[in-house]
Structure formats: structure tokens, C-alpha cells
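# Observations on the three-dimensional arrangement
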Amino acid sequence: MRPEHPVALITGASWGIGEATARALAADGFHLALGARSVERVSSLATELATTHGIQAWGGPLDVRDGDSVQAFLDQATERLGTVHVLVNNAGLARGLDRIEDVRDADWDEMIRTNVEGVLRMTRACLPAMRRAGWGHVFFLGSTASHGVYEGGAVYCGTKHFVRAITETLRLELLGLPIRITSVDPGMVETEFSVTRLGSRERADAVYRGMEPLVAADIAECIRWAVGLPDRVNIDQILVKPRDQAAFHRVHRQS
Ligand code: NJP
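The following refers to the structure shown. (Residues numbered from 1 in each chain as written. Predicted model: local features only at pLDDT ≥ 70, side-chain atom pairs only at ≥ 80, totals over all residues. Heavy atoms only, no water.)

All right, on to the overall build of the chain then. For the chain, the count of helices and strands is eight helices and 11 strands. Here the C-alpha radius of gyration of the chain, 18 Å, is about what a compact globule of 255 residues would show, namely 18 Å. Across its three principal directions, the C-alpha atoms of the chain cover 50 × 40 × 35 Å. Long-range pairs, those at least 24 residues apart, make up 71% of the contacts in the chain with a sequence separation of at least 6. Taken as a whole, the chain presents about 12,200 Å² of accessible surface, with 50% of it coming from carbon and sulfur. Considering the chain, the positive charge centre built from 28 side chains and the negative charge centre built from 32 side chains are found 3 Å apart. (Helix = DSSP H or I, 4+ residues; strand = E, 2+ residues; numbered from the N terminus. Rg over C-alpha atoms; globule rule 2.2 N^0.38 Å. Contact = heavy atoms within 4.5 Å. Areas by Shrake-Rupley, 256 points an atom, 1.4 Å probe, with all protein chains shown as cover. Lys, Arg positive; Asp, Glu negative; His and termini not counted. Charge placed at Lys NZ, Arg CZ, Asp CG, Glu CD.)

Spelled out as C-alpha cells, the structure:
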């Protein structure tokens, strides 16, 4: 049965979609464990949301690439807030747009360790308590890149295809348990994502020039909606793009 105030753990809650999801779930009465490497940001966000919404919230250091960090974060979250019921596997990134013949080891290493190993590690760590609690929901931030590929996107698309594979596998493995599994697969969302990928604000701005991208709150609303539905309803996948984007290569721009 759904607890009155479920505890949600959000990875990568310092910016973008993770931060927006924290705001949306706080407004719906969830208690929150907010993790990221930018500790000051998650810590002050937790304080702000606890004050505004009268929930319990804690923000602490989390690097999903590091098994010790994942376990320490989960242990602290559980000690402060109780059992984690909802996991939002949001932390993720793309580095560069290099073709396979040019892609750098450091870039693929960071994407694979964060988007692939980090998601596996977080999910494995959180599932036992959800089983014991008898109510849970795991969200995966996939992408339109979980469903297709584009030049210069081999590694990022590969990591998001992985996220799709783990999402679908987990739904089979947990069949019969009261744990729901949802992937949210966005198209273009204006966050820090393109700055991280392309290395400068100017290059990131060019990605969205002349079109209206999604904002982080649009994706947060998808998560808030899916977790709020009756327990019998599992939203498997939400593929959500801006009206101005028909496909990776097909973006309508007013120039
Ligand atoms: O990106 P951004 P988004 N350990 O850069 C955190 C997917 N997506 O919100 O550690 C822990 O604003 C980082 O925190 P920090 C995308 O693949 C996006 O757009 O402090 N946390 C920050 O809070 C990703 O899975 C678009 O640097 C780590 C957060 O991740 C998710 O949406 C399209 C971490 C990134 O915030 C959220 O991305 C799409 C680590 N090792 C899918 N490394 C889009 N924006 O267009 C990073 O299809 N973080």
C-alpha cells in the first residue's frame, strides 16, 4: 500500500530535471533524499523544500559512479527519512558529439560509468528495501536516444539503449511484486545538459536557437503524474518531445 508520505530518492537533483522533479514531488507531499556531487545545491534545495512544503528532505553527496558513495548515500537517506520507496534514476550526461573514429576514452568512460553503471548500481541498492516495504516505483531517465541513433551519438545513444534494456528487464523480473517501473524518454529539454555536452553556454544556446524546447518542469510533471496514478496502473514509458521536434534531425526553427 502506498504510504502517506512516500520517500523519493532523486539522483542528480542539483540541476535540471532532477531539481524540477524534487520541486514537483515536494509539492505532492513526498519526503525527499536529493543526491548529486554539487552538495551545496542539493543541501540548500532540501532546506528550501522542507520549509516551503512541510516535508522531510535531505540533500547529500552522491557520485553514482562510485559504489561506496551510493551505499553511503542510501544508508544516510534511510537513517534520516526511513525506507526509500521511489527511486528516480536521473543522473546522467553526454560528453561531446564525436564520431566513433574520434571519440575519446575519457568521454566514453564518463558516460558509461554514469549512465550505465550508475543506474545499475543505484537500482540494485534500492530494490531490497522496496521489496520489504511492499510498495515501490523506479523511474529511469532514458531518452529519444534510447530508441534511435544519430551521427556523433554512438556512446550516449548506447548508454540510453542500455537504460531501455534494464527498464524492460526489470519489469519482467519484478512481475508480481508491488513495484512499478517507468521510463521517461525526453527529446530536447533545455537544462545544463547541452552545456555539459558541448562545453560552452554559447554552443548550447545554438542547439535551441529558433525553436521552443521542453523545460525541466515538463519532465517533472510526467514523473509526478505517473507516480500519482493508482497502484494498479504502470506507465511503462513516456516518450515526450517538444512540439517543434519531430525526430533527432527534424526540428522546426523560426530563423
Ligand atoms: O541535465 P543536467 P538534465 N553522480 O546537466 C547529475 C536525460 N536527458 O537534467 O553531480 C551523481 O541539467 C548532475 O549533478 P552534479 C539525461 O541523459 C536529458 O537534462 O552536481 N549525479 C546534475 O544534477 C539525464 O539522464 C535531455 O554535477 C551526477 C544532473 O546529473 C537526465 O535526463 C534529453 C553525476 C544532470 O543535470 C537529466 O539530465 C534526454 C554523478 N556521477 C535525456 N553526473 C535533455 N536535457 O535534453 C551527473 O533525451 N550528475
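All right, on to the sheet that holds strand β3 (residues 57-61) then. In any sheet, the strands associate via hydrogen bonds between backbone groups, in a parallel or an antiparallel arrangement. If you walk across this open sheet you meet the seven strands as β3-β2-β1-β4-β5-β6-β9, and the pairing is parallel. Only two strands of the sheet have a single partner each, and these edge strands are β3 and β9 (237-240). Shown here is a sheet whose adjacent strand axes are inclined to one another by a mean of 15°, direction ignored. Relative to strand β2 (residues 31-36), strand β1 (residues 7-11) runs parallel, the two being bridged by five bridges. (Pairing = 2+ DSSP bridges. Axes fitted to C-alpha atoms, helices over the stretch in contact; angles between N-to-C directions.)

With that out of the way, let us pick up the packing of helix α4 (residues 105-133) against helix α5 (residues 154-173). Packing of α4 against α5 leaves a shortest axis separation of 8 Å and a crossing angle of 15°. Put simply, α4 runs roughly parallel to α5. As for the relative orientation of α4 and α5, their crossing is right-handed in sense. Between α4, through W108, M111, I112, N115, V116, V119, L120, T123 and L127, and α5, the contact on the second element is made entirely by V155, Y156, T159, K160, F162, V163, I166 and L170. (Parallel < 35°, antiparallel > 145°, perpendicular 65-115°, else oblique. Left-handed = near helix turned anticlockwise from the far one by under 90°.)

Bringing α4 into the picture now. Each α-helix winds once per 3.6 residues, and so residues spaced three or four apart point in a common direction. The terminal C-alpha atoms of α4, which comprises 29 residues, lie 41 Å apart, in line with the 42 Å expected from a rise of 1.5 Å per residue. Residue G134 follows α4 closely and has a positive phi angle near 75°. (Expected span 1.5 Å × (residues − 1).)

Attention shifts here to helix α2 (residues 39-53). Taking 1.5 Å of rise per residue, the 15 residues of α2 would be expected to cover 21 Å, and the 21 Å separating its terminal C-alpha atoms lies within 8% of that figure. Those residues of α2 not exposed but buried are V42, L45, A46 and L49. Taken end-on, α2 shows its buried residues confined to a sector of 100°, consistent with a single buried face. Residues of α2 that are exposed and angled more than 90 degrees away from the buried face: E40, T47 and T51. On the buried face of α2, the contacting elements are α1 (16-27), β2 and β3. In the stretch just after α2, G54 is the one whose phi turns positive, near 65°. (Buried < 20%, exposed > 50% of the residue type's maximum accessible area, 1.4 Å probe, protein only. Arc of directions from axis to C-beta.)

In the vicinity of the ligand lie 30 residues, with R37, S38, S143, P186 and T191 positioned nearest. One nitrogen or oxygen atom from the side chain of S14 is found 2.7 Å from an oxygen atom belonging to the ligand. Within the contact set of the ligand, an oxygen atom lies 2.8 Å away from a backbone nitrogen or oxygen of I17. Contributing elements (two or more residues each) for the shell around the ligand: α1 and α5. Split into classes, the residues belonging to the shell around the ligand amount to 13 nonpolar, 12 polar and five charged. (Near = heavy atom within 4 Å. Polar contact = N/O pair within 3.5 Å; in protein donor to acceptor, adjacent residues only side chain to side chain. Nonpolar A, V, L, I, M, F, W, Y, C, P; charged D, E, K, R; others polar.)

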